[in-house]
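Structural overview for review
Each chain is listed here by its residues.
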Amino acid sequence: MNRKGRVLLVTALVGVVGMAFRVSWNALRDIANAIGADDTAATLYPFVVDGLMALALVATLVLVGKDRTFALRVLGTYTLASLVLNYVHGLVPELHGRTVDWGRLAEWDPANWALVLLATSLPVGSIYFGSDLVAKVLHHRPTPIPTTSANAEESTETERIRSTADLPESTPAPVAATVVRVPDPVAVDYLKSTVPLKPLASIAPTPVAPIEHRAMAAESPRPRGATGRVPDAAKSTRPKRTPGQLLDEARAVTADWPDAKVTAEGIRREVHTSPANARMLRDTILADRATKAETTA
């Protein structure tokens with residue numbers, strides 16, 4: 001609700017309470033005159049009863065816990081007392097014209113004694129309960145709302161770091177490794193001496209995150225089906241070629257290829273061999289071409 005709506009709501013509440021107090025004020029004044037109060041006391045008597053009700057209502061909105069329960073009980077008690085006195089004022093017409101005898105609010109004596117006791121004890125109760133409620137409101141301290149400060153965040157972070165340090169598994173220290181480029185493996189008979197490559201610059205170690213040990217359910221491996229002997233019809237009929245035969249085929253295939261086209265993938269497709277053999281053949285052919293170019297020069 002916006003501010004304008006709240007102002008209208010409070011204004012309407014004050015208006016209703018004011019009109020209700022004016023209606024109740026007439027009945028309580030006549031009751032006060034009937035129990036022997038003078039004109040000034042009778043005029044102030046409604047403020048004693050209904051005024052304490054307003055005070056108890058404010059205390060109910062401010063206090064919490066047991067104090068709030070006490071304020072609600074005071075509010076309910078004085079509301080009931082004001083209702084009873086207004087009810088008696090409506091039943092006894094003589095109270096309107098002030099023709100009733102002093103101390104006579106009902107024809108039945110026990111009821112009259114109870115009503116007179118109620119009407120005369122309300123001012124004393126207002127002094128006691130009103131002062132108690134005011135003291136409780138003045139000494140009330142609202143509960144502060146917890147806020148997350150920077151110090152709290154730092155302490156939480158420090159506690160987390162300490163807890164990590166207490167783990168039984170420590171983080172392994174990073175190891176600096178020097179990466180050296182190694183040429184592809186080729187056959188010993190067809191390799192020629194080449195200049196060794198220079199080692200690359202060392203790579204900065206990368207921090208390794210600590211390994212968390214988690215309990216996992218063991219998975220049972222699937223039973224592998226029994227395999228028998230491979231039939232001869234399923235075997236390849238192509239005989240296994242020697243490195244020399246592979247090199248001869250590769251030289252014949254790449255005889256008219258430029259150096260840029262001599263790649264391991266191209267040789268593998270043409271000669272139908274493995275990637276490792278294709279790399280070996282590529283390096284051998286390129287080395288042969290480089291040697292021939294130097295000899296020609």
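Cut-off values and rules
Residues numbered from 1 in each chain as written. Predicted model: local features only at pLDDT ≥ 70, side-chain atom pairs only at ≥ 80, totals over all residues. Heavy atoms only, no water. Salt bridge = Lys/Arg side-chain N within 4 Å of Asp/Glu carboxyl O. Buried < 20%, exposed > 50% of the residue type's maximum accessible area, 1.4 Å probe, protein only. Helix = DSSP H or I, 4+ residues; strand = E, 2+ residues; numbered from the N terminus. Contact = heavy atoms within 4.5 Å. pLDDT = per-residue confidence, 0-100. Phe/Tyr/Trp six-rings, centres within 6.5 Å; stacked < 30°, edge-to-face > 60°. Lys NZ or Arg CZ within 6 Å of the ring centre and 35° of its normal.

What follows covers the pattern of salt bridges. Taken as a whole, this structure holds eight salt bridges when the rule is applied. Among the salt bridges present, the one from Glu249 reaches Arg241, with a minimum N-O distance of 2.6 Å. The exposure class of Glu249 is partly exposed, given its relative accessible area of 31%. In this structure, Asp288 engages Arg251 in a salt bridge whose closest nitrogen and oxygen atoms are separated by 2.6 Å. Note that Asp288 is positioned in helix 9 (residues 275-296) and Arg251 in helix 7 (residues 243-253), a separation of 37 residues in sequence. Judged by relative accessible area, which is 13%, Asp288 ranks as buried. Taken together, the shared-partner salt bridges connect Glu265, Arg268 and Arg269 into one network.

Moving on, we get to the environment of Met53. Along the chain, Met53 turns up in helix 2 (residues 39-62). Distance from Met53 to Leu72, taken between C-alpha atoms, is 9.7 Å for residues 19 residues apart in sequence. Contact partners of Met53, with chain neighbours within four places excluded, come to Leu75, Tyr78, Thr79 and Ser82.

Right, let's talk about the confidence of the model for the protein chain for a bit. Any region with low pLDDT has predicted coordinates that should not be read closely. Mean pLDDT for the protein chain: 76, with 64% of residues reaching 70 or above. Per-element confidence in the protein chain is highest for helix 3 (residues 65-91), whose mean pLDDT is 90, and lowest for helix 6 (residues 150-165), whose mean pLDDT is 52.

It is worth spelling out the packing of aromatic side chains at this point. The full count for this structure, using the stated rule, is two aromatic pairs. Aromatic side chains Phe70 and Phe129 sit 6.1 Å apart centroid to centroid with 50° between the ring planes, which places their arrangement in the tilted category. Note that Phe70 is positioned in helix 3 and Phe129 in helix 5 (residues 109-138), a separation of 59 residues in sequence. Seen from their ring centres, Tyr128 and Phe129 are 5.1 Å apart, and the 75° between their planes marks the pair as edge-to-face. Assessed through its relative accessible area of 26%, Phe129 is described here as partly exposed. Within the aromatic cluster, the residues linked to one another by ring pairs are Phe70, Tyr128 and Phe129. Over the face of the ring belonging to Phe70 we find Lys136, whose NZ or CZ atom lies 5.5 Å from the ring centre.

As a further point, take unusual backbone geometry. Look at His272: it is not a glycine, yet its phi comes out positive at around 60°. Looking at where His272 falls in the secondary structure, it is placed in the loop between helix 8 (264-271) and helix 9. Owing to a relative accessible area of 54%, His272 belongs among the exposed residues under this scheme.

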